[in-house]
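# Inside the fold
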Amino acid sequence: MRKEELQDILSEARERIAAAASHEDAEGIRVGLLGKKGRLTGALRSMGDMEPEARKEFGRLANEARAEIEGLLADKFDGFKAAAQRARFLAERIDVTEPGADISLGTRHPVTIMIDEIARIFMGMGFSIAEGPEIETVFNNFDALNAAPSHPSRDLTDTFYITGDTLLRTQTSPVQVRTLMSQAPPIRVISPGRCFRVDSPDATHSPMFNQVEGLLVDEGVSMADLKGTLDAFAKSMFGAEVRTRFRPHFFPFTEPSAEMDMSCFKCGGAGCRVCKGTGWIEVLGCGMVHPNVLKVGGVDTERYTGFAFGMGVERMAMLKHGIDDIRLFYENDMRFIEQFK
Ligand code: DAH
């Protein structure tokens, strides 16, 4: 090969490298010149046949040419790399001054809020929380609670049975039984949870709803303690001006039994839509724990007495917030649910 050819290779290389538009272009040029079968590589190889003098000069020129080409290519590669990086930075650019995507915070469900509120009031009076399963034994849900074998609530039309001796609890009262069987007095617990009854949903009925149960057992507990505790609860929940009254009632697991009403927190007792003109609102069921129930738990009924109560959580929330349809709690319409924070 002659020097002139080397010059040609070099000048052509300069032009092509300058014109290379991409990393791939430049890489193709590199392989064509400096690769195993590249033109410059071939030129260097051809030196073997040259005279020593000519070989020396050609070798120097060829090496210079290679150094120049390598330098040009390196600059080109650097340029493409920098451009690619710039493009990526542009594509990934974040405007930190832009307002963030709207992260909507979840809200607690109104039933949960009400349970927490009830729990907070009773915990302030020294009660702790006991829990029981939603699938219960017939024994805990009925027998141990002194429900007569013929009690109507046992009926298939009222209770979801799972097997002959298990069911979906119809009330939170079985947690009383569990507590009495696992703890010795003094006992002071409340128990919130889901209950189930065969009911067609309407404005005031739901086959699934929540109750909070309460149980207090100790020496010398009387109806006065029950009334004082529940009156304090009503005032705490609905306002200090609220008055309570206790009407005789019947529950199998309490004797005597009562229902507690409170004076209407809306009209103060004059009569309005909320209290249906009576001035009073029914709040919960309660009573002195029946000795038969205490005995199931092995409690010495000569020494200990107790009171119990049970209330509907949805009913409380409906009263408190003026909600007129229980189904709203389960439809999960965000416009309803998000109102309670
Ligand atoms: N378990 C009753 C119900 O579901 C509510 C109740 C009433 C619970 C009186 C009690 C109580 O603990 O003493 O209707």
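Since the structure is predicted, the reported quantities are computational estimates derived from the model, not experimental observations. (Residues numbered from 1 in each chain as written. Predicted model: local features only at pLDDT ≥ 70, side-chain atom pairs only at ≥ 80, totals over all residues. Heavy atoms only, no water.)

A few words on the overall build of the protein. Assigned secondary structure in the protein consists of 12 helices and 9 strands. Against the compact-globule benchmark of 20 Å for 341 residues, the protein has a radius of gyration of 43 Å, which places it well outside the compact range. Over its C-alpha atoms, taken along the principal directions, the protein stretches across nearly 125 × 45 × 40 Å. Counting across all 341 residues of the protein, residues that qualify as buried make up 40%. Taking the intrachain contacts of the protein between residues at least 6 apart in sequence as the baseline, contacts between residues at least 24 apart amount to 66%. Total accessible area on the protein stands at roughly 18,900 Å², and carbon and sulfur atoms take up 53% of it. (Helix = DSSP H or I, 4+ residues; strand = E, 2+ residues; numbered from the N terminus. Rg over C-alpha atoms; globule rule 2.2 N^0.38 Å. Buried < 20%, exposed > 50% of the residue type's maximum accessible area, 1.4 Å probe, protein only. Contact = heavy atoms within 4.5 Å. Areas by Shrake-Rupley, 256 points an atom, 1.4 Å probe, with all protein chains shown as cover.)

Turning next to the nonpolar core. Of all hydrophobic cores here, the largest spans 45 residues; its most connected members are Ile118, Phe122, Leu230, Phe233, Leu284, Phe309 and Met311. For this core, the secondary-structure elements that each account for two or more residues are helix 5 (110-123), strand 5 (208-219), helix 8 (223-238), strand 7 (254-263), strand 8 (280-289), strand 9 (304-312), helix 10 (313-321) and helix 12 (334-337). Top contributing element to this core by residue count: helix 5, with 8 residues. For Leu230, the residues in contact, after removing those within four places along its chain, are Phe122, Phe246, Met260, Leu284, Cys286 and Phe309. Formed by 23 residues, the second largest nonpolar core is a distinct cluster that contains Leu6, Ile9, Ala62 and Leu73. (Core = buried A, V, L, I, M, F, W, Y, C linked by side-chain atoms within 4.5 Å.)

Moving on, we get to the site of the ligand. As a structural note, the neighbourhood of the ligand is formed by 15 residues, with Gln171, Gln176, Arg197, Gln211 and Glu213 the closest of them. Gln176 has a polar side-chain atom sitting 2.9 Å from an oxygen atom of the ligand. For the ligand, whose accessible area on its own is 360 Å², the fraction buried by protein is 89%. Breaking the shell around the ligand down by element, the ones donating at least two residues are strand 5, strand 8 and strand 9. (Near = heavy atom within 4 Å. Polar contact = N/O pair within 3.5 Å; in protein donor to acceptor, adjacent residues only side chain to side chain.)

Before going further, it helps to spend a moment on the packing of helix 8 against helix 10. Put simply, helix 8 and helix 10 touch, their axes get as near as 11 Å, and they point 45° apart. One element, helix 8, and the other, helix 10, form an angle in the oblique class. On helix 10, the residues touching Phe233, Met237 and Phe238 of helix 8 are Met316, Leu319 and Lys320. Counted by class, the contact of helix 8 with helix 10 contains 5 nonpolar, no polar and 1 charged residues. (Axes fitted to C-alpha atoms, helices over the stretch in contact; angles between N-to-C directions. Parallel < 35°, antiparallel > 145°, perpendicular 65-115°, else oblique. Nonpolar A, V, L, I, M, F, W, Y, C, P; charged D, E, K, R; others polar.)

Attention shifts here to a nonpolar patch on the surface. Side chains of Phe139, Met181 and Val296 sit close together on the surface and give an oily, nonpolar patch of about 250 Å² of accessible area. By secondary structure assignment, the location of Met181 is in helix 7 (residues 174-182). Using a relative accessible area of 45% as the deciding quantity, one classes Met181 as partly exposed. (Patch = residues over 30% accessible without salt bridge, like charges linked within 9 Å, V, L, I, M, F, W, Y side chains within 5 Å. Salt bridge = Lys/Arg side-chain N within 4 Å of Asp/Glu carboxyl O.)

A few words now on the sheet that holds strand 6 (residues 244-251). Here we have 7 strands laid out as an open sheet, ordered 1-4-5-9-8-7-6, and mixed in their pairing. The open sheet has two edge strands, strand 1 (128-129) and strand 6, and neither has a second partner. Where strand 8 meets strand 9, 4 bridges bridge the pair, whose relative direction is antiparallel. By the bridge assignment for strand 9, Gly287 is matched with Ala308. Packing of helix 7 onto the sheet brings it into contact with strand 4 (187-196), strand 5, strand 8 and strand 9, and relative to strand 5 it is tilted by some 35°. (Pairing = 2+ DSSP bridges.)

Now for the packing of aromatic side chains. Within the structure shown, the criterion is met by 10 aromatic pairs. Here the aromatic residues Phe122, Phe127, Phe233, Phe307 and Phe309 are joined through ring pairs into a cluster of three or more. (Phe/Tyr/Trp six-rings, centres within 6.5 Å; stacked < 30°, edge-to-face > 60°.)

Looking now at the domain arrangement of the protein. Its domain assignment divides the protein into domain 1 (3-92) and domain 2 (110-340). On a C-alpha basis, the centroid separation for the pair domain 1 and domain 2 is 89 Å. (Domains from an automatic or database assignment.)

Of all 12 residues in strand 5, 9 are buried, a share of seventy percent or more. Bridge count between strand 4 and strand 5: 10 bridges; the pairing is antiparallel. Each bridged residue has a counterpart across the sheet, and for Ile190 the counterpart in strand 5 is Gly214. Pairing analysis gives 9 bridges linking strand 5 to strand 9, with the strands arranged antiparallel. Counted as the bridge partner of Glu213 is Gly310 from strand 9.

An ideal rise of 1.5 Å per residue puts 22 Å on 16 residues; helix 8 measures up with 22 Å between its terminal C-alpha atoms. Those residues of helix 8 that are buried are in contact with helix 5, strand 6, strand 7, strand 8, strand 9 and helix 10. (Expected span 1.5 Å × (residues − 1).)

Together, Asp155, Asp158, Asp199 and Asp202 give the surface a local cluster of negative charge. Checked against the element boundaries, Asp158 lands in the loop between helix 6 (138-141) and strand 3 (166-168). (Lys, Arg positive; Asp, Glu negative; His and termini not counted. Charge placed at Lys NZ, Arg CZ, Asp CG, Glu CD.)

Along the chain, Glu213 turns up in strand 5. For the pair Glu213 and Pro174, spaced 39 residues apart in sequence, the C-alpha separation works out to 9.2 Å. Polar side-chain contacts of Glu213 include one of 2.6 Å to the side chain of Gln176.

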